[in-house]
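Structure at a glance
As a plain string of letters, each chain reads:
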Amino acid sequence: MTSGAFTGEGAPPSPDPTRTDQGGAGATSRQEAVLAALAAGILGPAYDPAVPGRMLEILGGTANRRDRERLLGGLRALDTRAGALALTGHPAPVSGRPPAAAETLMARWAGSRLPPLRQLADAIGPVALLAAYGWPGPARDATGYPGPLGPAPDVPRRLHPLVPDGDLELACDVVVVGSGAGGGVVAAELARAGLDVVVLEKGGYAAERDFTHQEGDAYRDLYLYGSTLTTDDLGCRILAGSTLGGGTVVNYSTSFPTPPTVLAEWAAVSGVDAFVSGEVAASLDAVAARLGVTDTQSRPAVRDRLLEQGLARLGWHVAPLPRNVRGCPQDAGCGWCGFGCRAGAKQSTLVTYLEEAEAAGARLVTGADARRVLVEPLQGGGRAGRATGVEARTAAGHRLVVRARAVVAAAGAIETPALLLRSGLGGQVGRHLRLHPGTAAVGVFDEPVRWWEGTLQARYSAQLRQWLGPYAPMFETVPAHPGVAAVALPWRSAADHRAMMERSANLSLVGVLGRDEGAGRVRVDRAGDPVVRWRLGDTDRARLVAGVLSAGEVLAAAGATEVFSLQRRRPGFRPGDAQGLRDWRTAVRQAGYGPGRATLFSYHQMGSCRIGTDPAASAVGPDHRSHEVDGLYVADASLFPTASGVNPMLSVMALAHRAAAKLAAHLA
Ligand SMILES: Cc1cc2nc3c(=O)[nH]c(=O)nc-3n(C[C@H](O)[C@H](O)[C@H](O)COP(=O)(O)OP(=O)(O)OC[C@H]3O[C@@H](n4cnc5c(N)ncnc54)[C@H](O)[C@@H]3O)c2cc1C
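Bear in mind the structure is a predicted one, so any value in this text is a computation, not a measurement.

**A word on the overall build of the chain**
Scanning the chain from N- to C-terminus turns up 22 helices and 21 strands. For the chain, the spread of C-alpha atoms along the three principal axes comes to 75 × 60 × 50 Å. Sorting the 668 residues of the chain into buried and exposed places 63% on the buried side. Summarising the internal contacts of the chain: among those between residues at least 6 apart in sequence, 75% fall at separations of at least 24.

So this is what it looks like as structure tokens:
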């Protein structure tokens with residue numbers, strides 16, 4: 001058998017062997033052939049020939065070039081006799097193996113005690129599932145999912161970002177890196193204060209008319225690193241927006257003010273009095289008013305109605321979610337709003353603060369990836385240097401330099417520390433990262449739920465906080481489209497996974513949103529790419545397990561015929577079977593939520609450049625200015641002293657609102 005050719009019985013057709021570079025990952029046709037063989041094993045009859053090419057495209061977006069190279073190296077090895085022997089115990093190159101053999105291999109890797117093998121499964125499995133279910137094709141078509149509901153509306157774009165077509169140098173008062181919850185607010189407030197502002201956004205500009213609502217395309221075009229970012233042990237998938245408007249464009253519109261107990265905790269941890277003096281509260285009021293936060297446009301989708309029913313039957317806390325929407329249709333189509341709101345109802349920074357910023361003269365630049373803050377050495381004054389601008393790389397590979405009197409880092413809690421570390425800062429930068437690890441209990445219902453449709457999030461419960469304290473998880477639901485559902489639903493075998501996906505219209509979930517007390521850290525590797533180290537500590541794990549067990553009770557009370565957790569072995573029970581419930585509880589506790597045992601999801605990254613009075617415990621001072629570099633400010637979720645414990649957007653915006661006031665005063 002020659003390596004690189006599919007000779008096994010029933011093996012998928014080989015990609016063109018004369019091609020040497022296929023797809024964004026820079027892989028060879030032989031590596032694509034290995035992916036094809038493995039994908040055929042993972043997907044069984046749900047496989048289609050478009051999958052390996054899409055896998056390469058997804059892998060091309062990986063945050064960390066070193067990881068990508070390592071994975072591609074592994075694929076190359078799997079197509080040699082020696083590599084195949086080492087990694088599979090059998091010398092036959094993997095590309096020639098039939099789907100059944102590849103399926104056995106994936107199952108063995110997934111259950112392996114050896115981290116490198118388990119990580120191969122964790123690195124390849126989700127990519128194959130997303131590639132198969134994130135776009136139309138036989139896999140997705142069998143789920144009953146309708147795909148995008150019609151075309152995007154033909155409405156004009158309202159912003160006019162610059163897209164440099166050559167090297168460029170700009171000058172301004174303030175350059176803001178990032179245009180999301182923090183960057184959008186800070187840009188508008190500073191421009192309104194009369195300052196000349198340039199906003200650099202590494203994503204593109206997509207408005208209502210551009211939201212295709214094709215799930216896989218949306219992750220590629222609107223999410224950070226095409227939604228491939230994970231912690232370095234692959235234990236937690238990290239989702240963040242990366243487009244003009246950042247997370248506010250793709251997020252689920254839940255708009256909690258920072259709870260008073262959290263503000264008090266933040267004041268105590270940071271030493272910053274503004275958290276309790278009324279200053280941050282005033283900023284919270286200001287941003288909530290601008291976004292039209294309301295709980296009168298929270299009509300529940302079926303999944304939220306079931307959440308509410310289950311909670312009500314148990315006598316547990318349930319309440320409507322406040323949302324930042326104006327004229328929200330709250331209909332079935334709203335479930336696609338995580339891929340951009342076509343109605344323009346979600347009050348993202350795209351339709352609020354960035355419009356105001358531009359109207360006040362701010363220049364927006366898209367496709368501009370800030371690589372480093374330009375720092376000039378300073379003699380005396382307590383800081384090592386002074387920020388004089390930012391150097392960025394454009395999507396087309398050009399160099400963009402923006403000279404400025406001040407720099408605001410608002411690139412989100414992964415990318416802001418990465419930018420600062422690339423710029424030579426150290427200290428507390430990157431430390432104290434919080435992720436709000438999320439998982440869910442899933443229920444099977446007789447009635448159709450279509451968990452992808454309806455208002456994004458409309459109900460929540462803080463019941464566990466009453467029992468377990470302020471670090472207990474909350475319950476919310478999320479819209480589950482087939483791509484993300486396929487990744488979240490544990491893969492045990494091709495047939496089992498496919499059967500579950502085919503039932504997905506009748507699945508519902510109770511999301512368990514953890515508040516992590518333990519912390520992780522963002523570092524950069526030699527290429528300057530972010531590396532996220534974060535582990536679920538014992539206490540946080542125990543709280544998450546308690547959350548999943550209670551979420552299972554909610555689903556049972558709501559009428560589920562079967563309930564299971566998202567752990568690798570997918571333990572479950574049938575409501576009414578008391579012994580089954582006891583066994584499930586034991587199984588959930590025993591399985592835990594470590595890497596290889598379950599995949600966690602983070603929609604909220606926070607705390608990695610935190611604010612505080614003490615430079616030994618924080619990255620920026622009470623006025624949001626870096627302890628190390630003058631003229632450098634932070635205005636995003638990185639600032640949080642600890643996890644917010646509620647969905648963070650409004651807290652981010654309030655802190656950015658305050659940061660703008662401080663900076664405007666400094667520059668006056
Ligand atoms: C799917 C999803 C659903 C969510 N739902 C909710 C919700 O319902 N309620 C809630 O409160 N929160 C929600 N969140 C979280 C919320 O959106 C974020 O906490 C918030 O947007 C963070 O604000 P930020 O300013 O820190 O970063 P972001 O809003 O993420 O903005 C950072 C921006 O910086 C850009 N950037 C990064 N690096 C660079 C660079 N080097 N150069 C230039 N630009 C760069 C990014 O592309 C991005 O656009 C959700 C998040 C996701 C992903």
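On we go.
**Details of the site of the ligand**
With respect to spatial proximity, 39 residues lie near the ligand, and among them Gly 182, Glu 201, Ser 242, Thr 254 and Met 649 are the closest. Measuring from a nitrogen atom of the ligand, one finds a side-chain N or O atom of Asp 369 at 3.0 Å. Take Met 649: an N or O atom from its main chain is 2.7 Å from an oxygen atom of the ligand. Computed on the free molecule, the ligand has an accessible area of 990 Å², of which 97% lies beneath the protein chains in the complex.

**Some details on the pairing of strand β11 (residues 437-444)**
Within β11, eight of the eight residues are buried, which leaves the element mostly enclosed by the surrounding structure. Neither face of β11 is left uncovered, since the one carrying Pro 437, Thr 439, Ala 441 and Gly 443 and the one carrying Gly 438, Ala 440, Val 442 and Val 444 both have all their residues buried. Where β11 lies against strand β19 (residues 600-602), two bridges are found, and the strand directions are antiparallel. Bridging from a neighbouring strand, Gly 438 pairs with Phe 601 of β19.

**Focus on unusual backbone geometry**
Phi angles above zero are rare outside glycine, and His 432 is one such case at about 70°. With respect to the element layout, His 432 can be found in the loop between α16 (412-422) and β11. Among the residues examined, His 432 registers a relative accessible area of 18% and is labelled buried. If you check the backbone angles, Arg 570 has positive phi at about 50° while not being a glycine. For Arg 570, the location among the structural elements is in the loop between β17 (562-565) and β18 (572-573). Residue class for Arg 570 comes out buried when judged on its relative accessible area of 9%.

**Here's the deal with the packing of aromatic side chains**
One pass over the full model with this rule turns up ten aromatic pairs. With a centroid separation of 5.0 Å and 90° between ring planes, the pair formed by Trp 316 and Trp 467 is classed as edge-to-face. Pair noted here: Trp 316 is in the loop between α14 (302-314) and β5 (319-320) and Trp 467 is in helix α17 (residues 463-468), with a separation of 151 residues, a long-range link. Judged by relative accessible area, Trp 467 falls into the partly exposed class, the value being 48%. Each residue in the set Tyr 145, Trp 336 and Trp 452 is aromatic and connected to the rest through ring pairs, giving one cluster. The positively charged end of Arg 515 is found above the aromatic ring belonging to Tyr 471, 3.9 Å away from the centroid. In this arrangement the basic side chain of Arg 570 is found over the ring face of Phe 564, its NZ or CZ atom lying 5.3 Å from the centre.

**A closer look at the environment of Glu 201**
Summarising the element assignment, Glu 201 is placed in strand β2 (residues 197-201). According to the relative accessible area criterion, Glu 201 is buried, its value standing at 5%. C-alpha separation for the pair Glu 201 and Gly 518, spaced 317 residues apart in sequence, amounts to 31 Å. Excluding its chain neighbours within four sequence positions, the residues that come into contact with Glu 201 are Gly 178, Ser 179, Ser 242, Thr 243, Leu 244, Val 365, Thr 366, Gly 367 and Ala 368. One polar contact links the side chain of Glu 201 to the main-chain amide nitrogen of Gly 203, over a distance of 2.7 Å.

**Let's talk about the nonpolar core**
Generally speaking, soluble globular proteins have nonpolar side chains that are buried together. Within the largest apolar cluster, 211 residues are counted, with the highest numbers of intra-cluster contacts made by Leu 38, Leu 43, Leu 200, Leu 420, Trp 451 and Phe 475. Residues in contact with Leu 38, not counting those within four places in the same chain, are Leu 75, Leu 78, Val 94, Ala 102, Leu 105, Met 106, Trp 109 and Ile 124. Counting seven residues, the second-largest nonpolar core is a separate cluster that includes Tyr 460, Ala 462, Met 474 and Val 646.

**Comments concerning the pattern of salt bridges**
This structure, assessed with the given rule, holds 41 salt bridges. As a salt-bridge pair, Glu 355 and Arg 158 come within 2.7 Å of each other at their nearest N and O atoms. With Glu 355 in helix α15 (residues 353-359) and Arg 158 in the loop between α7 (138-141) and β1 (168-177), this residue pair connects regions lying 197 residues apart in the sequence. Relative accessible area serves as the criterion here: at 26%, Glu 355 is assigned to the partly exposed category. Using a relative accessible area of 37% as the deciding quantity, one classes Arg 158 as partly exposed. Two residues, Asp 369 and Arg 371, come together in a salt bridge whose shortest N-O distance is 3.1 Å. Both residues of the pair, Asp 369 and Arg 371, count as buried. Put simply, Glu 57, Asp 217, Arg 220 and Asp 221 are held in one network by salt bridges that share partners.

**Re α14**
Between its terminal C-alpha atoms α14 stretches 18 Å, which fits the 18 Å expected from 13 residues at 1.5 Å a residue. Within α14 the residues assigned to the buried category are Val 302, Arg 303, Asp 304, Leu 306, Leu 307, Gly 310 and Leu 311. In this structure, the buried residues of α14 make contact with β12 (459-460), β13 (474-476), β14 (507-513) and α20 (538-557). Taken from the residues just after α14, Gly 315 is the one with a positive phi, measuring 75°.

**Things to note about the packing of helix α13 (residues 279-291) against helix α22 (residues 649-667)**
Their axes nearest at 8 Å, the elements α13 and α22 cross at an angle of 115°. On the basis of the axis angle, α13 is roughly perpendicular to α22. Considering only the axes of α13 and α22, their crossing is right-handed. Here Glu 279, Val 280, Ser 283, Leu 284, Ala 286, Val 287, Ala 288 and Leu 291 of α13 lie close against α22, whose contacting residues are Met 649, Leu 650, Ser 651, Met 653, Ala 654, Leu 655, His 657, Arg 658 and Lys 662. In the contact of α13 with α22, the residues fall into eleven nonpolar, three polar and three charged.

**Concerning the pairing of β2**
Within β2, five of the five residues are buried, which leaves it mostly tucked inside the rest of the structure. Side-chain alternation along β2 places Val 197, Val 199 and Glu 201 on one buried face and Val 198 and Leu 200 on a second face that is also buried. When β1 meets β2, the two strands line up parallel, connected through four bridges. When the bridges of β2 are listed, Val 176 appears paired with Val 199. A crossover links β1 with its parallel partner β2, the connecting element being helix α8 (residues 181-192), and its sense is right-handed. As paired elements, β2 and strand β7 (residues 363-366) share four bridges and run parallel to each other. From the neighbouring strand, Val 198 faces β7, where its bridge partner is Arg 363.

**Concerning the environment of Pro 257**
Topologically, Pro 257 is positioned in the loop between α10 (247-250) and α11 (260-270). On the accessibility criterion, Pro 257 (45% relative accessible area) is partly exposed. When the C-alpha positions of Pro 257 and Ser 493 are compared, they lie 43 Å apart, and in sequence the two are 236 residues distant. Non-local contacts of Pro 257, meaning those with residues more than four positions away in its chain, are made with Leu 284, Val 646 and Leu 650.

Reading guide: rules and limits
Residues numbered from 1 in each chain as written. Predicted model: local features only at pLDDT ≥ 70, side-chain atom pairs only at ≥ 80, totals over all residues. Heavy atoms only, no water. Helix = DSSP H or I, 4+ residues; strand = E, 2+ residues; numbered from the N terminus. Buried < 20%, exposed > 50% of the residue type's maximum accessible area, 1.4 Å probe, protein only. Contact = heavy atoms within 4.5 Å. Near = heavy atom within 4 Å. Polar contact = N/O pair within 3.5 Å; in protein donor to acceptor, adjacent residues only side chain to side chain. Areas by Shrake-Rupley, 256 points an atom, 1.4 Å probe, with all protein chains shown as cover. Pairing = 2+ DSSP bridges. Phe/Tyr/Trp six-rings, centres within 6.5 Å; stacked < 30°, edge-to-face > 60°. Lys NZ or Arg CZ within 6 Å of the ring centre and 35° of its normal. Core = buried A, V, L, I, M, F, W, Y, C linked by side-chain atoms within 4.5 Å. Salt bridge = Lys/Arg side-chain N within 4 Å of Asp/Glu carboxyl O. Expected span 1.5 Å × (residues − 1). Axes fitted to C-alpha atoms, helices over the stretch in contact; angles between N-to-C directions. Parallel < 35°, antiparallel > 145°, perpendicular 65-115°, else oblique. Left-handed = near helix turned anticlockwise from the far one by under 90°. Nonpolar A, V, L, I, M, F, W, Y, C, P; charged D, E, K, R; others polar. Right-handed = clockwise from strand over helix to strand, strands pointing away.

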